[in-house]
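This is what each chain is made of:
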Amino acid sequence: MGWIIGVLLIQQTFGALTFPAAKIGLAAIEPFTFAFYRFMIASVILLTIVQFRRFDIPVTRTDLWRIAGLGILIILLNQTTYLVGQSMTTAGDGALLFATTPIWICVLARIYLKEKLTWRRSLGIGIAICGVVIIILRGAVGFGPEHLLGDLIIFESVLAWAAYSVLGKPLVMKYGAIRVTAYALTFGAISYLPFGLYRAITFDYTPVPMKAWIALLWVALGTSVISYLLWYWVLKQTEASRVAAYHNVQPIIAASAAYFILGEPLGIPFVIGGLIVLVGVLITELRPHRKGTIRALPE
């Protein structure tokens, strides 16, 4: 489990660095053009990796359609709708809604994968989410009628990510993280291609600085390739409900990165919320030993 937790923390770090990188890139590149290049670059790289590897089990036609469904979930119903929803509501609303992701992963894992959800794991996830809420409430959270449609769209995006995580686990167990991620992102990128290509062709590239392209490249490689691959790899090793709690570590890393890269302030609420998150994650991982000691073991 030590290796799995280490890989999961690396995955969350790459995912967290998406936020400051995207902020830099989106300041100069409009969102749908940004997404177009992100998805296309990631798909080409992942398919190239697949071509240079040999696999013992071919993907069946039925499973290929299932993987295509994962692509729709992650590209159209998660990433693209998130951009639409975020443009219609506040950043605080969006972040707070995404903080509920572990809940939906656990619920779907219980229903679809029949995973056991212990009281200790439930408590740890609940405490970690409370810590995330404290961190997010440092900014402007404005739930209200004027933000309702945007909030609903982002909530749909959250559910799509949870479904992508849980529904993809059996396929990853069968075919491995590389192929499932590569094929899913490729199918999703193809479904996004008609709209994204139009936005990319009509976009004015004149004022785009080099740092924006570097940021886009980071999001394509760091998030869509490395982070997505590691996420499915971790899901292959252990229960989805177990790794869900670590999703709450991401806001801590993202805020810390924003402090060093963008100069955004942290403050006391960040420290308090971060400590609460870590306590919650620790509760999900530790259980009493028979002799009264504590050790980190899967439940």
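Up top is the structure.
Residues numbered from 1 in each chain as written. Predicted model: local features only at pLDDT ≥ 70, side-chain atom pairs only at ≥ 80, totals over all residues. Heavy atoms only, no water.

A.B. asks: So what exactly am I meant to see when it comes to the nonpolar core here?
C.D. replies: General note: in soluble globular proteins, nonpolar side chains tend to be found buried as a group. Counting residues in hydrophobic clusters, the biggest one holds 51 residues, and the most contacted among them are Leu-70, Tyr-164, Val-180, Leu-185, Trp-231 and Tyr-232. Among the elements that make up this core, the one with the highest residue count is helix H8 (residues 148-175) (nine residues). Beyond its immediate sequence surroundings of up to four residues, Tyr-232 is in contact with Leu-70, Tyr-164, Ser-165, Gly-168, Val-172, Ala-177, Val-180 and Thr-181. The next biggest cluster of nonpolar side chains, apart from the first, holds nine residues, and it includes Ala-21, Phe-203, Leu-216 and Val-219. (Core = buried A, V, L, I, M, F, W, Y, C linked by side-chain atoms within 4.5 Å. Buried < 20%, exposed > 50% of the residue type's maximum accessible area, 1.4 Å probe, protein only. Helix = DSSP H or I, 4+ residues; strand = E, 2+ residues; numbered from the N terminus. Contact = heavy atoms within 4.5 Å.)

A.B. asks: Hey, could you run me through the environment of Trp-213 in this one?
C.D. replies: You can see Trp-213 is positioned in helix H10 (residues 210-237). For the pair Trp-213 and Leu-26, spaced 187 residues apart in the sequence, the C-alpha separation amounts to 9.9 Å. Those residues in contact with Trp-213 that sit more than four places away from it in its chain are Ile-29, Tyr-37, Tyr-205 and Val-208.

A.B. asks: How should I be thinking about the packing of aromatic side chains in this particular structure?
C.D. replies: Here a ring pair, both rings aromatic, is described through the centre-centre distance and the interplanar angle of the planes. With the rule as written, the count across this model stands at 14 aromatic pairs. Judged by centre distance (5.9 Å) and plane angle (85 degrees), the rings of Tyr-37 and Trp-213 are edge-to-face. In this pair, Tyr-37 sits in helix H3 (residues 31-51) while Trp-213 sits in helix H10, placing the two residues 176 residues apart along the sequence. The exposure class of Trp-213 is partly exposed, given its relative accessible area of 28%. Consider the rings of Tyr-205 and Trp-213, whose centres lie 6.0 Å apart with planes at 15 degrees: the pair is stacked. Cluster of aromatic residues (ring-pair linked, three or more members): Phe-36, Tyr-37, Phe-203, Tyr-205 and Trp-213. (Phe/Tyr/Trp six-rings, centres within 6.5 Å; stacked < 30°, edge-to-face > 60°.)

A.B. asks: For this particular structure, what's the right way to read the packing of helix H1 (residues 2-16) against helix H2 (residues 18-26)?
C.D. replies: When two helices pack together, you describe them by how their axes are tilted relative to each other and by the distance separating the axes. Close contact between H1 and H2 brings their axes to 5 Å; oriented N to C, the two are set at 20 degrees. Taken as axis vectors, H1 and H2 run roughly parallel relative to one another. The residues of H2 that touch H1, namely those facing Phe-14, Gly-15 and Ala-16, are Thr-18, Phe-19 and Pro-20. Its residues assigned to classes, the contact of H1 with H2 shows four nonpolar, two polar and no charged. (Axes fitted to C-alpha atoms, helices over the stretch in contact; angles between N-to-C directions. Parallel < 35°, antiparallel > 145°, perpendicular 65-115°, else oblique. Nonpolar A, V, L, I, M, F, W, Y, C, P; charged D, E, K, R; others polar.)

A.B. asks: Can you walk me through the pattern of salt bridges in this structure?
C.D. replies: For side chains of opposite charge, pairing can occur when their charged atoms come near one another. Enumeration over the complete set of coordinates arrives at three salt bridges. One salt bridge connects Asp-63 with Arg-66, and the closest N-O pair in it is separated by 2.9 Å. Highlighted residues: Asp-63 and Arg-66, both in helix H4 (residues 61-86), separated by three residues, approximately one helical turn. Taking the relative accessible area as the measure of exposure, Asp-63 reaches 4% and is therefore buried. Among the residues examined, Arg-66 registers a relative accessible area of 52% and is labelled exposed. Residues joined in a network through salt bridges with shared partners are Asp-63, Arg-66 and Lys-174. (Salt bridge = Lys/Arg side-chain N within 4 Å of Asp/Glu carboxyl O.)

Any link to function would need more than the numbers given here.
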